[in-house]
Amino acid sequence: MKADPLPIEGIDYVEVYVGNAKQASYFYQKGFGFAPVAYSGPETGVKDKTSYLMQQGDMRLLLTSALVPDHPIARFVLTHGDGVADIALRVKDVEWTYKEAVKRGAKGIRDPTVLKDNSGYLKGCAISAYGDTVHTFIERDQYRGVFAPGFTPIKGKADPVGLQKVDHVVANVEEGKMEYWVEFYGKVFGFSQLISFDDKDISTEYSALRSKVVHNSSSTVKFPINEPAPGRRKSQIQEYLDYFKGAGVQHLAIATNDLVFTVTHLQQRGIEFLNTPDSYYEGLTKRVSGMSEKIEDLKKLRILVDKDEKGYMLQIFTKPLQDRPTLFFELIQRKGSESFGKGNFKALFESIEQEQARRGNL
Ligand code: FE2
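Given the structure is predicted, the values throughout are model-derived calculations rather than measurements. (Residues numbered from 1 in each chain as written. Predicted model: local features only at pLDDT ≥ 70, side-chain atom pairs only at ≥ 80, totals over all residues. Heavy atoms only, no water.)

1. Here's the deal with the nonpolar core
Counting 97 residues, the largest nonpolar core has L61, Y130, F137, Y185 and F189 as the members making the most contacts within it. Two domains each provide a minimum of three residues to this core, namely domain 1 (8–153) and domain 2 (163–359). Those residues in contact with Y185 that lie beyond four places of it in its chain are A129, Y130, H135, G190, F191, V214, F223 and I225. (Core = buried A, V, L, I, M, F, W, Y, C linked by side-chain atoms within 4.5 Å. Buried < 20%, exposed > 50% of the residue type's maximum accessible area, 1.4 Å probe, protein only. Domains from an automatic or database assignment. Contact = heavy atoms within 4.5 Å.)

Listed below in structure tokens is the structure:
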């Protein structure tokens, strides 16, 4: 069931709760080229947590740690490890959006509030999503500061690698819950279903999953939702759920307009990616014609390619970004294609399963 769309303009920021925000900010700065642009903590009057806002292109990553043990952020990290806590969405009217979302069945967890300082005011509220994930709704038309009241600008050096914006945010939910969350985003947000993949599309010799993609009408927000499907061995989605202790964000896909450049620089900085077998590149030019990239470059960097009727796309996946095999990044360059890489699922999942087997979980 699809309701009238909520007035959602796009993703404002993604907040990741981490054990040590100071060290995490160094990793995302030096490893991925995000610039630290704002800070909040005791020095800015916030006593119980610290946050570092990292930016590259239009993508904003907020890294937050608790400063005291008995704190919701500390409990989140104790349970889930480092992970996405909030996919914040920019809206036109916070009060109306909140009232409407709750009326349509969302669980409100922070009533609309107005935050003010010398740079103006912004409005925010939050509802809960899958697992312990939340969506903050934020209205910032009347705010000219660096990010939000309580934050001070910081000037850290960054060496960007061409990351531009969040392309999509993927949820892993429990077996049998995918349909529930697809309906939730339809009923509450007015999102429509873009694509659906069943376990025949997404299975290997060992394991399987199902996936549906929901999006807003302008497609500035795209949420694929995965659930494990029964297979001969444990689904990679189930491994995630076991380590994350429930549903949560599996990966953030980040758009770049030159993936060869991006991956070359990330590899030089020691960022680790999933491997792709040599055999993947045999016959690739026949499967996808008219690519402007050199096949040797794609093979050297282990970049995957997929196509649909509108064009092609390049993608690659990092290894998990923390010790638990949970959150990772996808880097994606779209050249017309609106695909999510269906043609690569088998190669990708076999690669994930090799890693899963090394952890003794396949
Ligand atoms: Fe993806």
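2. Some words on the coordination of the iron ion
Within the protein, the atoms that donate to the iron ion are H168 (NE2), H251 (NE2) and E330 (OE), at distances of 2.0 to 2.2 Å. Each donor residue of the iron ion belongs to the same chain, with the gaps between them written as H-x82-H-x78-E. Here H168 is found in strand β10 (residues 163–172), whereas its partner E330 is found in strand β17 (residues 328–335), with 162 residues between them in sequence. No difference in accessibility class separates H168 from E330, as the two residues are buried. (Donors = N, O, S within 2.8 Å, 3.2 Å for Na, K, Ca; no water. Helix = DSSP H or I, 4+ residues; strand = E, 2+ residues; numbered from the N terminus.)

3. Observations concerning the domain arrangement of the protein chain
The domains assigned to the protein chain are domain 1 (8–153) and domain 2 (163–359). Taken over C-alpha atoms, the centre of domain 1 sits 25 Å from the centre of domain 2. In this complex, domain 1 contributes 41 residues to the contact, which on the side of domain 2 involves 37 residues. Taken together, both faces of the contact between domain 1 and domain 2 bury some 3100 Å²; the carbon and sulfur share is 70%. For the domain 1 face of the interface with domain 2, the top three residues by lost area are F32, R104 and Y130, together amounting to 23%. Linking domain 1 to domain 2 there are 0 salt bridges. Summed over the shared surface of domain 1 and domain 2, the result is 10 residue pairs in polar contact (both at pLDDT 80 or more). Elements represented by at least two residues in the side of domain 1 that touches domain 2 include exactly β1 (8–17), α1 (21–30), β4 (59–66), α2 (72–80), β5 (83–91), β7 (120–128) and β8 (134–139). (Buried area = accessible area lost by both parts, 1.4 Å probe. Salt bridge = Lys/Arg side-chain N within 4 Å of Asp/Glu carboxyl O. Polar contact = N/O pair within 3.5 Å; in protein donor to acceptor, adjacent residues only side chain to side chain.)

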